[in-house]
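# Examination of the molecular architecture
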Amino acid sequence: MSETQKSEKPKKELTKSQMLSKKITEDYMNEAFRAHELGKLIGYTTAISPVEIFVAHDIIPIYPENHAVANLTAKKGAQLCAVTENLGYTSHLCAYARSDLGYRETGITVTRGIPEPDLFLACNAQCFTLTKWFQVLARRGNLPVFVFDTPEYIMDKKARQEIIKYCVLQLKELISFLEEVTKRKFDYDRLNEVMKYSAESSRLYKKFLDMAQYKPSPISIFDALIGMAIAVYRRGTPECVEYYRTLCEEFQEKADKGIGVLPKDKEKYRLYWENLPVWFKFSDHAKLLGSYGGVILTSLYVHAWSFEFDLNKDPLLTLAENYVSRFSNSTLEDRADMAMDLFKRYSLNGMIMFMNRSCKAVSFAVPTLKDVLVKRTGIPALVFESDMGDQRFYSETQIRTRIEAYFETLDRLQSKVA
Amino acid sequence: MWENLSLKEVVELTKDPFPSIRKWVKEKGKKVIGSTIPDVPEEVIHAFGFLPVSLIGTDKPLKKAPSRLPDNACSLARSNLELVLSYEGDLFDGFVLPQVCDTTQHLSDIWRIHFPNKYMECFLAPRQVDRPSARYWVKEEIERLIESMGNWSGKKISNSDLMNSINLFNENKRLLKEIYDFKKKNPGALSNKEFFSLVKLSMQVDKEEFNKSLKAIKDQLKPQKGEGYLDVVLAGITCDPPEVYGLFDEIKLNIVADTLVTGTRYIQGIVPQDKDPVEGMVDRHMNRGFFSPIHDNVYRNFEEIKALYKENNAKAVIYIHIEFCESQEYDLPDLKNMLRKEGIPFHVMDTEYQTLSLSHLRTRLQAFFESLKGGAL
């Protein structure tokens, strides 16, 4: 398609929240690319990490995962991953990491790229892969890595108190580490201010996700995945609060008017999705499921950023409590309870369990979690295996057939009940 | 049962120690606690009067594990899960499972759900060791394990119970170290397969009995340098199946140093006895050699292997890669480049639990060492 033809394509008018998201992202990246000029450092961090401490200390957080998502969604995964495999990395490592290392070799990206790091913060409440990936990047520049180690939030109450104590100790170490690197004293008053923004935006983000309670639901998981971006990279800022306030207003209006992702009479299946999305099949899946009256409403993944910070507590304590208890760091039993809560609150009647080769941290729980959820809900599950970003592991026909067969099963079950 | 074993018997038993463990447990009426690698303080389990048994995979076919852990999961994790789901689960009264990576974290959960009636505890090892909080956390975890095991068994242990166990386990490691030191200089007297079988069996059977065998074996060793041996460093986590050691023996490689959890990293676990036993076990944890999932110093792996190569005047480094071990796979390309830049010959062997045919490993290994001997590398 020529440039002229491209420009002739009618542009969809952006909503207020979309315009806001665009501006926030542009401002953020502009500042990040000028970080050193502004006397600031770039800290690479994991999407689930106590970034509030970075924000309070004027470290600009950059998330290589987000950049990877942009490339994987644009179907650059196979190309970039292959480059990394030629460096000696195996094809079954995380596609975020492989595509990122490929980007660093080739410069290929669908965005303007991301600035180079000065330091790293790896929080393993999300996964162990990110720690190892950051170590690879750190070796290239001989840069410091701080590992915020969050032991699994096991069910024993006393152990949990000890885990939190250990995490608080580490947050103090993180602050000392940042003070040493930047030669600046950490400002706890500023942290309190950042926590207020973070608590409020998290509350609003959760309110946005909970729009999935309405029938028909005005929100699908695809809205949630787009909507979560600002929560990931701008937590702790006033613009993040403003964005989610606007987003909530827009979706509340839809809910009040009865506008759903699918019209009320077409919304047959309200689905749960386990795992990250298949990024390069994002819109195809929405269309395919919609054609069967299915809409994926939620997943534990999108809820990972609906923190519940308690501003009456010491900020380090509430940070530790929230980050250590994310779904990805919880026991299988707790994960099942978290999913069951969504099944009940959103009246879900189907589930798609994605075995994502890239994400061992989430996927290795899937077979057992599926058994538990099927038993507790009585709802059959669709399980399929693929990769979130590497198209070479995606079998179009096989997955389409399985989705079709799954809806036939749900239809049959529903007609029996009827 | 294990107090008067010959080297040959040790090698045989290492292939499948479980029938003998079953027999011993029946005779002694003791409880058995299994743990996966690495770093569970087995002295604590022993001090309670239980038999600690390290689970280091099985060569029996996979039947149930693949439906729980997919084929891109670490092959040791799948093999261990199979070992308990299909073969030896009923032998154990409980398990203490360490968590060091995503796979071991999930493995603990899956394991617990499958054995709801057995004692289950996690050992949440810190995945950073260079900051003061790591030391604090190891101590907390050891104390939590003592409390948890006490609650389950209804027993209490004293510092003196712990010290007695530490004494016994330290003796085991000292004996292994002495035999290793002898073997390094006398590869003709003790093969790689024999020596590493001694270590592996030490991790699985009663030390009070097995130390007697170790002592007798050590006393019977006669110097024999042998001819044509090439000294090498073995790096990695575990080395299985045991026939891989047989390959090294076949082409006359003498392992003079290693970084294996089922090798030096186990022998390094001697607990200092001049202090409180828990503090001593914390010291031990902090001072052990590199283990990829828990060490945050990204250069330590390289530095340790390079030092072992130089100190021992070795001729090459062999790296045992366990198929689908994510931690190793992130480290390996850089490690390979760094060692090659130093001019250290480096050979990677891709191994998988349940593998029966080693012909491809043999061919590659032979080719590597032929070219090394010919000076082409």
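Residues numbered from 1 in each chain as written. Chains lettered and ligands numbered in written order. Predicted model: local features only at pLDDT ≥ 70, side-chain atom pairs only at ≥ 80, totals over all residues.

## What about the overall build of chain A?
On a plain count of helices and strands, chain A comes out with 18 helices and eight strands. Taking 22 Å as the expected radius of gyration for a compact globule of 418 residues, we find that chain A reaches 21 Å, a close match to that expectation. Projected onto the principal axes, the alpha-carbon positions of chain A cover approximately 70 × 60 × 45 Å. Counting over 418 residues, chain A shows a buried share of 51%. (Helix = DSSP H or I, 4+ residues; strand = E, 2+ residues; numbered from the N terminus. Rg over C-alpha atoms; globule rule 2.2 N^0.38 Å. Buried ≥ 20, exposed ≤ 12 C-beta atoms within 10 Å, placed from the backbone.)

## Considerations on the overall build of chain B
Looking only at helices and strands, chain B has 15 helices and eight strands in total. Against the globule reference of 21 Å for 377 residues, chain B gives a C-alpha radius of gyration of 20 Å, in line with a compact fold. A principal-axis box enclosing the C-alpha atoms of chain B has dimensions of 65 × 45 × 45 Å. The buried share of chain B, taken over its 377 residues, is 51%. Once local pairs closer than 6 in sequence are excluded, the contacts in chain B between residues at least 24 apart make up 74%. (Contact = placed C-beta atoms within 7 Å.)

## Concerning the pairing of strand β5 (residues 269-274) of chain A
Where a strand is regular, its side chains alternate between the two sheet faces. Residue and element names in this part refer to chain A. Taking burial as the measure, the six residues of β5 include six buried ones, the bulk of the element. The two faces of β5 match: Tyr 269, Leu 271 and Trp 273 on one face and Arg 270, Tyr 272 and Glu 274 on the other face are all buried. Note: β5 against strand β6 (residues 294-298), four bridges, orientation parallel. Considered in β6, the bridge of Tyr 269 is made with Gly 294. Following the chain from β5 across helix α12 (residues 282-291) to the adjacent parallel β6, one finds a crossover that is right-handed. (Pairing = 2+ DSSP bridges. Right-handed = clockwise from strand over helix to strand, strands pointing away.)

## Topic: the sheet that holds strand β7 (residues 316-322) of chain B
Residues and elements named next belong to chain B. Taken in spatial order, the four strands line up as β6-β5-β7-β8 in an open sheet, and their pairing is parallel. With one partner strand each, in any of the chains shown, β6 (253-258) and β8 (346-351) form the two edges of the open sheet. Neighbour-to-neighbour, the strand axes of the sheet open up by a mean angle of 35°, direction not taken into account. With five bridges joining them, strand β5 (residues 230-236) and β7 adopt parallel strand pairing. Looking across to β7, one finds that Val 233 is bridged to Val 317. (Axes fitted to C-alpha atoms, helices over the stretch in contact; angles between N-to-C directions.)

## Overview of helix α6 (residues 95-106) of chain A
All names here are of chain A. Between the first and last C-alpha of α6 there are 16 Å, a value that for 12 residues agrees with the 16 Å anticipated at 1.5 Å per step. A large share of α6 lies buried, amounting to 10 of its 12 residues. Regarding α6, the residues found buried are Ala 95, Tyr 96, Ala 97, Arg 98, Ser 99, Asp 100, Leu 101, Gly 102, Tyr 103 and Arg 104. Where α6 is buried, its residues contact α4 (64-73), α5 (77-85) and α7 (129-141). Where α6 ends, the next residue or the one after it, Gly 107, has phi of about 80°, a positive value. (Expected span 1.5 Å × (residues − 1).)

## Here we look at the packing of helix α9 (residues 188-209) of chain A against helix α11 (residues 238-257) of chain A
Residue and element names in this part refer to chain A. One way to put it is that α9 packs onto α11 with a least axis distance of 9 Å and a crossing angle of 20°. The angle between α9 and α11 falls in the class roughly parallel. Helix-helix and strand crossings are classified by hand; for α9 and α11 the assignment is left-handed. In contact with Tyr 197, Glu 200, Ser 201, Leu 204, Tyr 205, Lys 207 and Phe 208 of α9, α11 contributes Pro 238, Cys 240, Val 241, Tyr 244, Arg 245, Leu 247, Cys 248 and Phe 251. (Parallel < 35°, antiparallel > 145°, perpendicular 65-115°, else oblique. Left-handed = near helix turned anticlockwise from the far one by under 90°.)

## Notes on the sheet that holds strand β4 (residues 145-148) of chain A
All names here are of chain A. What the four strands build is an open sheet, ordered β2-β1-β3-β4; its pairing is parallel. The open sheet terminates on both sides in strands that have one partner only, identified here as β2 (59-62) and β4. On average, each strand axis in the sheet is tilted by 25° relative to the strand beside it, whichever way the strands run. Sheet analysis places strand β1 (residues 41-45) next to strand β3 (residues 119-123), joined by three bridges and oriented parallel.

## Some words on the confidence of the model for chain B
For chain B, per-residue confidence averages 95 on the pLDDT scale, and residues scoring 70 or more make up 99% of the total. Two numbers describe this predicted complex: its pTM, 0.95, and its ipTM, 0.95. (pLDDT = per-residue confidence, 0-100.)

## Section: the environment of Ser 201 of chain A
Residue and element names in this part refer to chain A. Within the secondary structure, Ser 201 is located in helix α9. In this structure the C-alpha to C-alpha distance between Ser 201 and Val 241, which are 40 residues apart in sequence, comes to 4.5 Å. The contacts of Ser 201, once residues within four sequence positions are left out, are Ala 231, Arg 235, Cys 240, Val 241 and Tyr 244.

## Remarks on the domain arrangement of chain B
Residues and elements named next belong to chain B. Parsing chain B into structural domains produces domain 1 (7-156) and domain 2 (161-373). Each of domain 1 and domain 2 was reduced to a C-alpha centroid, and the two centroids are 21 Å apart. Each partner contributes to the interface: domain 1 provides 44 residues, whereas domain 2 provides 43 residues. Of all the secondary-structure elements, those providing two or more residues to the side of domain 1 that touches domain 2 are α1 (7-15), α2 (18-28), α3 (42-47), β2 (51-55), α4 (75-88) and α6 (132-153). In terms of residue count, the dominant contributor to the side of domain 1 that touches domain 2 is α1 (six residues). (Domains from an automatic or database assignment.)

## Details of helix α14 (residues 315-324) of chain A
All names here are of chain A. With nine of 10 residues buried, α14 is to be regarded as a mostly interior element. The set of residues buried in α14 consists of Pro 315, Leu 316, Thr 318, Leu 319, Ala 320, Glu 321, Asn 322, Tyr 323 and Val 324. Of the surrounding secondary structure, the elements contacted by the buried residues of α14 are α3 (51-56), β3, α8 (157-182) and α9.

## Some remarks on unusual backbone geometry
Of note, the bond from Lys 215 of chain A into Pro 216 of chain A is cis; its omega dihedral lies within 30 degrees of zero at -5°. With respect to the secondary-structure elements, Pro 216 of chain A resides in the loop between α9 and α10 (221-233). With omega at 0°, the peptide bond leading from Ile 37 of chain B into Pro 38 of chain B counts as cis. Note that Pro 38 of chain B resides in the loop between β1 (32-36) and α3. Despite not being glycine, Asn 275 of chain A has its phi angle at roughly 105°, a positive value.

## Some remarks on the nonpolar core
Residues Phe 120 and Leu 271 of chain A together with Val 233 and Val 317 of chain B are the most contacted members of the largest nonpolar core, which totals 243 residues. The dominant element in this core, judged by the number of residues it contributes, is α9 of chain A, at nine residues. Lining this core are residues from two domains, each supplying at least three of them: domain 1 (7-156) and domain 2 (161-373) of chain B. Excluding anything up to four places from it in sequence, Phe 120 of chain A contacts Gly 43, Tyr 44, Phe 134, Leu 137, Ala 138, Leu 143, Val 145 and Phe 146 of chain A. (Core = buried A, V, L, I, M, F, W, Y, C linked by C-beta atoms within 7 Å.)

## Brief notes about the environment of Met 195 of chain A
All names here are of chain A. By the secondary structure assignment, Met 195 is in helix α9. Its 23 C-beta neighbours within 10 Å are what place Met 195 among the buried residues. Remark: the alpha-carbon pair of Met 195 and Val 55, spanning 140 residues in sequence, is separated by 9.8 Å. Beyond its immediate sequence surroundings of up to four residues, Met 195 is in contact with Glu 52, Phe 309, Leu 311 and Pro 315.

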